[in-house]
Structure formats: C-alpha cells, structure tokens
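Geometric and topological summary
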Amino acid sequence: LKMSWLWLYRPLHLLMATSLCHSIKPPTTSSQQSFKTNLFNFYHSLILADGKETTVHLLKDIPKRYYFVLEEGRVLAPFSITVTPCDVPIEWNILAYKSPPGFPGKATPGDHDTQEVSKSQKAPSMVSTIFNYKGNSVETYMGMSSHSALYLLEFLSTERDTHITVYLTTDTTSGHLYPELPMDPRIDVIGIGHTTVTLTWKHSPSVLQHRESIQYCLLVNEKHNYKSLCAAETAIRSSGMKLPPTLALSLSPYLLEPQQVMILSNSELSIINKVSSGEVRQVCMGTRNTYTVPNLSPSTQYYFDVFIVNLLTNASAAYTGTFARTLEEPEPKVTELKDGQVIHVLLDGKKQKFYSLQYQARHKKIHFTFQLCRGQIRVHITRNGKTVALENLSGLRYLSLKGKLLDTYLVQLRSTEESNCSVKVQASPHFHKPLFPLLPESLKIKSFSKLRTCRSVTIAWLGTQEESKYCVYRKRIEEDQIWGELQSADRCSGPESRHKSEKVLCKYFYDLNLQRAVTTETIKGLEAGTFYLFDVYLFGPSGIPIRYHSKVVKTRKKC
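Definitions and cut-offs
- Residues numbered from 1 in each chain as written.
- Predicted model: local features only at pLDDT ≥ 70, side-chain atom pairs only at ≥ 80, totals over all residues.
- Heavy atoms only, no water.
- Salt bridge = Lys/Arg side-chain N within 4 Å of Asp/Glu carboxyl O.
- Helix = DSSP H or I, 4+ residues; strand = E, 2+ residues; numbered from the N terminus.
- Buried < 20%, exposed > 50% of the residue type's maximum accessible area, 1.4 Å probe, protein only.
- Pairing = 2+ DSSP bridges.
- Phe/Tyr/Trp six-rings, centres within 6.5 Å; stacked < 30°, edge-to-face > 60°.
- Lys NZ or Arg CZ within 6 Å of the ring centre and 35° of its normal.

With respect to the pattern of salt bridges
Within the structure shown, the criterion is met by 14 salt bridges. Between D535 and R547 there is a salt bridge whose closest N-O contact spans 3.1 Å. You can see D535 sitting in strand β32 (residues 531-539) and its partner R547 sitting in strand β33 (residues 545-547), a full twelve residues away along the chain. On the basis of relative accessibility, which here comes to 0%, the residue D535 falls in the buried class. Accessibility expressed as a relative area gives 11% for R547, which makes it buried.

Okay, structure coming up:
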C-alpha cells in the first residue's frame, strides 16, 4: 500500500487520515508490510471479508462503503463480487484505486512526504469506476487485476431502508459459495389442472456433485416472482407474518441451527400461510426436479420460484421464475331443493369440492336449516348470483333470508376439514312447521361425581318449554375407545342406529320456566370400575331426533 492512497480517501476520513499521514513516514521496502497492517487496523470496520457472505443494512439515501485489497506479489489477481438485493432496487458501483506509475512500492530517493502526496493528488486517472449497477437483480462482477490495487464498493438505497448480501472471493479455483444453475435456468410448466400445476426444471450441476448437501425449495404465491431467496423472505416478513422455525426450515434452511437444517435433506415439508396478498406456500423436496403443486384454487394465477440451496455454505441461487393460471372449475352438478324437503349431503374432505343445491323461492321469507352430522362445513349462499351468506357451520344452524318471489338461491357446501363430513339441509317458508324441535340452551349432558356408585350413575340435561320426548341410551366401552367414540359420533343418527340392549328409558317433560327445565335420571345395574357412554335423544313434533353431546362416565371401582 502507498502513503499517497490515504489522500485519496480524504473525503471519507479527512481528519483521521491527515493525522495518520503526519505520524507515519512514507513506507520503505522494510517497513511496507508494517504500514499495510496499520492501514488494515485503521479501516478494519470497513473492509469486506474475503470468502464470506456479508449482510449489509442500508438506510435510505445514506451511502455505505466497503473496501478490499488484492494481494501483492501475484501476477494475476482474479476476484468476483456478488450482490443480492433483498427488497427494493439499489445502486452500487466499484471504484479501483491503483498505485501511480513510478511508485511500485519502494521510496524514490530525494522524495519527501509533501512531494509524494502532491504527486498522487495530481494523478486522478489512478481512481476509476470499473462497474456500476442499479436494480434488484442478483449481479456478479468478475475482475482480474495484474498488480496490487485497493477497491471501494459503494451501496445506496433511494427508496427505503433495506438490506443486501455481498459476497467477495479471490479464490476462484476451489469451488463456489453459491450452487450452480444449469445453462437453461428456466422453470417449465408441463401440466395445469383445476387445482394443480406440475413443474419441472433442469438439474443444477451442484446436485450431481454434492447431492447430500443440496436441495430444491419451491415458493408459490399469488403476487409476483422473486429474484432471490432473501427477497422472498423479506416480502413474507413485511406482510406481517412471522417466520416460525418450521417456516424458516422450509424456505431458508440457513436461518436455523445446522443440526436442524439436515431434517429436510431427504424429505419434503410443505408450509402454507395466509397473508394479506393471498396464499404463500413453501415446499422443499430434496433433489427432485419435478413437482406437482396440489390444493390450488381454480381460475387463479400463481407465481412459482425454485431455489437451489446449499445446506453447508448457507447460500442459494434462484432459477428464472414462472407463472401459470389454474383452469376454471367446471360447473358443479346442482341438486334441486324443494319446500320442506330434507337432503342428506356427504362431503369428501380430501377433494374439497363444492356440493351445490338450488332453491327457487315461492315466498319472500325463506328459512334454511343445516344440521351437521359430522365435521364442519363452509356454506356459501347466493341469491340471483349475489352473496347473501358465507360462514363456517357446526352443530345446528338456522339462516333466515328475505327476498322476492321466484328468487333463485344457490347453496354451496364444502368440508373445512380433510376428513369426510355430512350435513342435513332443509329450505322452507317461515310459516311451515319447523323441521327440528325447539332446542335447549345447551346440549351438554352433566354427571354428578358425588352421586356415582359402583353400580349406578346419575346424569342430567336441559329441556325446553315445549313438551318433548327424551330417550336415554348407554354403551359400555373400554378406556382406549373413548376418543374414537367421541370423534366418530354421528350427530344426525337416531336411536334406530343403536342396539336395543343399549336403550335405558324414554320420558316426556317440559317446564314453562326455563330455569326449572332440567331433568335427572339415575341409571342403575352397571358394573364397578367400568366406562359407559351415555346419549340423550330429543324428539320434536316432526319426529326427527336431536342428539345431545355424548358423555363418558366411569363407575366407582370400590364402594
């Protein structure tokens, strides 16, 4: 390094550089290495590390500068710089500071400090801009220097605060930090369905060389393509969604500890997140280069980005993103719903298809009744093409709508779970007799622990102001059957599905005062230390039963 170079940095560190110039003599051959060390320490916080990816945070309209020095004594000094913007477009350039002719590293006899400084200041041609770029793409500059030089990198963001990553290397022979892209880095769409898109891409050369430490990760969203992995991560965070460990694992393995990263080396993980701009999905599929994206929405445009990730170097490269629009969903088969008719609908949770019912109103006021037999559904009701109801339903639900004569209602039903579910649906004018009986405030069955014995159990349930019939059933079960019995219970099934031996009793009761509309029953003849499943069925005027929530009670083991 030359003493005159300090004056070229004068706009950056005027006072400190001036002080350093007065305190250090021009370097001679014997003191040159020591002078380089002093200069390194002076600019340590600004020197760019060689062979390491550096994250640089930029404030709006405030430039940031980094330096690096090529080694002396090499005939040719190759180097490369890769800059990855992680959000908005940035401006960056590379300036080269080269030693003036006639000052190859030895002090010239007769020269003094002031003369050398003056000579270097009169050589503006020794400072040159060798590269500049503005944009948000990943850019790599590869250079070759035939003599010692110091380089200055300047970064500037004019839109907002942001961050970038910078990678400098002077070792171009021992491999690359970033995985290699194929000659053709495009993603090909080879199949489009109503809810699926099939993609394929050419293998990265890095996969063939380092299969165990390389994997492909796919990002699917409804907004736009991303040019780098850090740009995708920034966009997800800015949407207000936090990146939990599982999300970071699927999208960017290097956000986690090394031992956690290896979980995905030979498996697949898919994470789906809802954000304001739509759905964002991340999938890592190992080294497979063909993938079918499932469970997409019909008639929707999606953007697909594939990243090749090196789990050992924590670096990634982006294929050229693509997009595709799923096919429009075919018109579903529509079942006609008539006044007072009850239709039992079975919904496939895996296919997530809509079941459609159509009803033409013969009165202004219409009453829809939904009884969920199993699971939970999403109901979408339109009147003459306009949405009038959209909600998730469970249990028993009434929806009353007011329109005009001959209005056409379309009722679409879909399971909200992956498991199958079923529902009973009825549509009728308001003045028709209701399909289901008047319901109590709660359908829970209560048991009294203090009244339990080895041979009997006492239960209670709420009634209504309307005289109705109640039937009690019991079933002996094992402890390991409890969860399965409660989860698989069909709330629409009546006593006809039960064995006759399970019936305990039937009774009628009501009370005009709802505070006193409660009844109790003591079921006797039970076995000690045994689990029993109790059910109560309520029958209204129409004869269609309503099943209370099942209750499991264990008799005392010792009395």
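What follows continues from the structure just given.
Quick word on the sheet that holds strand β31 (residues 518-523)
Strand pairing in a sheet is mediated by backbone hydrogen bonds. Such pairs are either parallel or antiparallel. Spatially, β27-β28-β31 is the arrangement adopted by the three strands of the open sheet, whose pairing is antiparallel. For this open sheet the edge positions go to β27 (446-447) and β31, each flanked by a neighbour on one side alone. Here six bridges tie strand β28 (residues 457-462) to β31, and the two strands are oriented antiparallel to one another. Across the sheet, V457 pairs through a bridge with I523, a residue of β31.

Some thoughts on the packing of aromatic side chains
Using the criterion set out here, one finds 18 aromatic pairs in the structure. Ring geometry for Y470 versus F509: centroids 4.8 Å apart, planes at 35 degrees, classification tilted. With Y470 in strand β29 (residues 468-477) and F509 in strand β30 (residues 503-509), this residue pair connects regions lying 39 residues apart in the sequence. Each member of the pair, Y470 as well as F509, carries the same accessibility label: buried. Between Y532 and F534 the ring centres are 6.3 Å apart and the planes differ by 35 degrees, which places this aromatic pair in the tilted class. A network of ring pairs unites the aromatic residues F68, F79, W92, F131, Y141, Y151 and F155 as a single cluster. Positioned over the ring face of F539 is K469, at 5.6 Å from the centre of the ring. Over the ring of F509 we find K507, and its NZ or CZ is 5.8 Å from the ring centre.

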